[in-house]
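Listed below, chain by chain, are the residues.
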Amino acid sequence: MILIVGGMAQGKTEFANSFKNLKVIDDLHLFIKDRVYAGKSEDEIMSEILLMDIDNAAIVANEVGCGIVPIDKKERDYREICGRILIRLAKMASHVYRMVLGIAEEVK
């Protein structure tokens, strides 16, 4: 599994598509957000992600922990859970990339 993170519109999906032998799971942060708003726990969301056959995937997610901390508690919970899930996925990944201005920086 390859994990690709970065800010909005930084070329993450295009980079993920360059790995021809991997399926692309795009916008994982939105998948997580939907589950948080549905009342799911971090472990429940992680279990759903693990069922996606992530071993042969390039997973793409926006970094959501930078910037202004939201006033809304649900939004803060989402950012926290998303960050923790991405940390767990990064530990499992064979490679982790951070995208900035269309340039991939290998983190792991």
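Everything here concerns the structure above.
Residues numbered from 1 in each chain as written. Predicted model: local features only at pLDDT ≥ 70, side-chain atom pairs only at ≥ 80, totals over all residues. Heavy atoms only, no water.

A. Region of interest: the sheet that holds strand 3 (residues 57–62). Within the open sheet, the five strands sit side by side as 2-3-1-4-5. Their pairing is mixed. A strand with exactly one partner marks an edge of an open sheet, and here the two such strands are strand 2 (23–25) and strand 5 (103–106). Geometrically, the sheet is characterised by an average inter-axis angle of 25 degrees between neighbouring strands, direction not taken into account. Alignment of strand 2 against strand 3, held across three bridges, turns out to be parallel. Each residue of the ladder has a partner; that of V24, found in strand 3, is A58. (Pairing = 2+ DSSP bridges. Helix = DSSP H or I, 4+ residues; strand = E, 2+ residues; numbered from the N terminus. Axes fitted to C-alpha atoms, helices over the stretch in contact; angles between N-to-C directions.)

B. Spotlight on the side chain of K12. Note that K12 resides in helix 1 (residues 12–17). D27 provides the closest opposite charge to the buried, salt-bridge-free K12, at an N-O distance of 6.5 Å. Of the polar contacts made by the side chain of K12, one reaches the backbone oxygen of G7; its length is 2.6 Å. At a separation of 2.9 Å, a polar atom in the side chain of K12 contacts the side chain of N62. (Buried < 20%, exposed > 50% of the residue type's maximum accessible area, 1.4 Å probe, protein only. Lys, Arg positive; Asp, Glu negative; His and termini not counted. Salt bridge = Lys/Arg side-chain N within 4 Å of Asp/Glu carboxyl O. Polar contact = N/O pair within 3.5 Å; in protein donor to acceptor, adjacent residues only side chain to side chain.)

C. Quick look at the pattern of salt bridges. Counting across every chain of the model gives nine salt bridges. A salt bridge links E42 to R84, with the nearest nitrogen and oxygen atoms 2.5 Å apart. Of the two residues, E42 is situated in helix 3 (residues 42–50) and R84 in helix 4 (residues 73–92); the sequence distance between them amounts to 42 residues. Overall, E42 belongs to the buried group, its relative accessible area being 16%. Note that R84 is salt-bridged to E80, the shortest N-O span being 2.9 Å. Of this pair, R84 and E80 both sit in helix 4, four residues apart, roughly one helical turn. Overall, E80 belongs to the partly exposed group, its relative accessible area being 45%. In this structure, a network of salt bridges that share partners links the residues E42, D43, E80, R84 and R88.

D. Focus on helix 3. Among all positions in helix 3, only E42, I45, M46 and I49 are buried. Along the axis of helix 3, the buried residues cluster in a sector spanning 100 degrees; they form a single face. Contact partners of the buried residues in helix 3: helix 2 (28–37) and helix 4. (Arc of directions from axis to C-beta. Contact = heavy atoms within 4.5 Å.)

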